[in-house]
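Spelled out, the chains give:
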Amino acid sequence: MKTQGHDIKVTPVSDQVVVRVKDVVVATSSRPVLLTETGCPPRYYLPSADVKMDLLRSSATTSHCPFKGDAVYWSVQTGDDVAEDVAWAYLEPFPRVEEIAGLLAFWAEKPGVTLEVNGEAA
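Criteria and thresholds
Residues numbered from 1 in each chain as written. Predicted model: local features only at pLDDT ≥ 70, side-chain atom pairs only at ≥ 80, totals over all residues. Heavy atoms only, no water. Buried < 20%, exposed > 50% of the residue type's maximum accessible area, 1.4 Å probe, protein only. Helix = DSSP H or I, 4+ residues; strand = E, 2+ residues; numbered from the N terminus. Pairing = 2+ DSSP bridges. Salt bridge = Lys/Arg side-chain N within 4 Å of Asp/Glu carboxyl O.

**Section: the pairing of strand E3 (residues 17–21)**
Link 1 in the chain: Among the five residues that make up E3, four are buried, leaving the element largely enclosed by the rest of the structure.
Link 2 in the chain: Looking at chain direction, E3 and strand E4 (residues 24–29) are connected through five bridges and run antiparallel. Bridging from a neighbouring strand, arginine 20 pairs with valine 25 of E4.
Link 3 in the chain: The turn joining E3 and E4, which pair antiparallel and follow one another in sequence, is formed by two residues; a positive phi near 50° is taken by lysine 22.
Link 4 in the chain: As paired strands, E3 and strand E11 (residues 113–117) are joined by five bridges and run antiparallel to one another. Bridging from a neighbouring strand, valine 21 pairs with valine 113 of E11.

In structure tokens form, the structure reads like this:
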């Protein structure tokens, strides 16, 4: 969908995505949804069934995107370490991106977080 120079696209893909936080595998999915958006890096959104939800801790952090809606965040606990606000989801996204509802994305830019796509660092 395009809005005055802003483009956002949601595409189901069959890429193999592995998310690690401080070398602990937090998610493995072969059914991600790829979201591409003007001015933002591509983001893989993963079904919660493919995420080790027992490692996630709900955060008080929220954010609002004028194109996607309101996001909620999670921190990831690996042993004694906690990586703050490294995962997020849009529980009730705007209709134009409804395919990402309830799926989780991870900040690969945060320290200790790595994202592999088909065996390659993303």
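The discussion continues.
**Focus: the pattern of salt bridges**
Link 1 in the chain: Applying the stated criterion across every chain, the model contains four salt bridges.
Link 2 in the chain: Note that glutamate 37 is salt-bridged to lysine 68, the shortest N-O span being 2.5 Å. Remark: lysine 68 occurs in the loop between strand E7 (56–65) and strand E8 (69–78) and glutamate 37 occurs in strand E5 (residues 33–37); sequence separation between them is 31 residues. You'll find glutamate 37 and lysine 68 in the same group, each marked buried.
Link 3 in the chain: Between glutamate 109 and arginine 43 there is a salt bridge whose closest N-O contact spans 3.0 Å. In this pair, glutamate 109 is assigned in the loop between strand E10 (104–106) and E11 and arginine 43 in strand E6 (residues 43–45), connecting sequence segments 66 residues apart.
Link 4 in the chain: Owing to a relative accessible area of 49%, glutamate 109 belongs among the partly exposed residues under this scheme.

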